[in-house]
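# Secondary and tertiary structure notes
Single-letter residue listing:
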Amino acid sequence: EAGVTQFPSHSVIEKGQTVTLRCDPISGHDNLYWYRRVMGKEIKFLLHFVKESKQDESGMPNNRFLAERTGGTYSTLKVQPAELEDSGVYFCASSSRLAGIYNEQFFGPGTRLTVL
Amino acid sequence: GEDVEQSLFLSVREGDSSVINCTYTDSSSTYLYWYKQEPGAGLQLLTYIFSNMDMKQDQRLTVLLNKKDKHLSLRIADTQTGDSAIYFCAETPRGGKLIFGQGTELSVKP
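Everything numeric in this text was worked out from a predicted model, so none of it was measured.

### Side note on the overall build of chain B
The helix and strand inventory of chain B stands at zero helices and 11 strands. The dimensions of chain B, computed from C-alpha atoms along their principal axes, are 40 × 30 × 20 Å. The proportion of buried residues among the 110 residues of chain B is 47%. Look at the contacts in chain B between residues 6 or more apart in sequence, and 55% of them connect residues 24 or more apart. With an accessible surface of roughly 5200 Å², chain B has 48% of that area assigned to carbon and sulfur atoms. The centroid of the 11 positive side-chain charges in chain B is displaced by 2 Å from the centroid of its 14 negative side-chain charges.

### Remarks on the pattern of salt bridges
Residue and element names in this part refer to chain A. Counted under the stated rule, the structure contains seven salt bridges over all chains. Its salt-bridge partner being Arg22, residue Asp24 comes within 2.7 Å of it at the nearest N-O pair. For Glu42, the salt bridge goes to Lys44, with nearest N and O atoms at 3.8 Å. Salt bridges sharing common partners tie together Arg36, Arg64 and Asp86.

### Brief notes about the interface of chain B and chain A
Each partner contributes to the interface: chain B provides 17 residues, whereas chain A provides 19 residues. When the buried surface of chain B facing chain A is broken down by residue, Leu43(B), Lys97(B) and Phe100(B) rank first, second and third, together holding 30% of it. Connecting chain B to chain A are zero salt bridges. The interface formed by chain B and chain A contains four residue pairs in polar contact (both at pLDDT 80 or more). In terms of residue count, strand β4 (residues 31–37) of chain B provides more of the side of chain B that touches chain A than any other element does, four residues in total.

### So, the environment of Tyr74(A)
Residues and elements named next belong to chain A. Position of Tyr74 among the secondary structure elements: in the loop between β7 (65–68) and β8 (75–79). We classify Tyr74 as partly exposed; its relative accessible area is 35%. Between the C-alpha atoms of Tyr74 and Met39, which are 35 residues apart in sequence, the distance is 27 Å. Excluding residues that lie within four positions of it along the chain, Tyr74 makes contacts with Arg22, Cys23, Asp24, Pro25, Glu68 and Arg69.

### A short note on the nonpolar core
In this structure, Trp34(A), Leu46(A), Leu47(A), Met60(A), Leu77(A) and Tyr90(A) are the most contacted members of the largest nonpolar core, which totals 21 residues. Secondary structure elements with two or more residues in this core: β3 (19–24), β4 (31–37), β5 (43–50), β7, β8, β9 (88–95) and β11 (111–115) of chain A. Within the second largest apolar cluster, 20 residues are counted, among which are Ile20(B), Trp34(B), Ala85(B) and Cys89(B).

### Details of unusual backbone geometry
Cis geometry is found at the peptide bond from Phe7(A) to Pro8(A), where omega equals -5°. The topology assignment puts Pro8(A) in the loop between β1 (5–7) and β2 (10–13). In this structure, Pro81(A) follows Gln80(A) across a cis peptide bond, with omega equal to -10°. Inspection of the secondary structure puts Pro81(A) in the loop between β8 and β9. The phi angle at Lys51(A) is positive, at roughly 55°, despite the residue not being glycine. Within the secondary structure layout, Lys51(A) lies in the loop between β5 and β6 (53–56). In this structure, Asp78(B) takes a positive phi of about 50° despite not being glycine. Tracing the chain through its elements places Asp78(B) in the loop between β8 (71–76) and β9 (85–91).

Rules of the game
Residues numbered from 1 in each chain as written. Chains lettered and ligands numbered in written order. Predicted model: local features only at pLDDT ≥ 70, side-chain atom pairs only at ≥ 80, totals over all residues. Heavy atoms only, no water. Helix = DSSP H or I, 4+ residues; strand = E, 2+ residues; numbered from the N terminus. Buried < 20%, exposed > 50% of the residue type's maximum accessible area, 1.4 Å probe, protein only. Contact = heavy atoms within 4.5 Å. Areas by Shrake-Rupley, 256 points an atom, 1.4 Å probe, with all protein chains shown as cover. Lys, Arg positive; Asp, Glu negative; His and termini not counted. Charge placed at Lys NZ, Arg CZ, Asp CG, Glu CD. Salt bridge = Lys/Arg side-chain N within 4 Å of Asp/Glu carboxyl O. Buried area = accessible area lost by both parts, 1.4 Å probe. Polar contact = N/O pair within 3.5 Å; in protein donor to acceptor, adjacent residues only side chain to side chain. Core = buried A, V, L, I, M, F, W, Y, C linked by side-chain atoms within 4.5 Å.

Written out as structure tokens, the structure reads:
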């Protein structure tokens, strides 16, 4: 079974440009999460989809970030326009609604975003 | 608040035990987790503990939970060079999202 995949693995853009990150969760996983780790600090939650619906977007930093999950499969996270402080590693994770009584989230390898 | 605190670095010699500590803030968390991130890889769930347990052992790993002090620790026995990685503790106070600490970078010297 394929794990969570993310594309691209690295992205280097200039301030003011737009970048779109993609996450493909494990097939059949209804829950999809985005997280971000900035400058070696803690990994911070951004948002949580259940299927195509946004369950919790309390961690989204501002309206320059737009996440979508059309059809409840893969998800995209667009940053427009990108700022220097958006640099970091963006992780995606997925979990199954039927995954027992604890919510094991399976993580992708992350996308390293550098804004110059 | 939602703060999970960890020390940033730990260096041990191969064969020694490693102890990574974590303090968390929300006593309502049902589960507490330890994730491992190897270089260039995503986070991998290492182990977890249910909040009504004090201890959980899984081969070389021992998790201790002190709910009164909101303190969680991960002990790795007979640490190997392959254990070198960043270790994150995490809690789930509300819903599915994970609240992570800053990560402890474990360096194992031969």
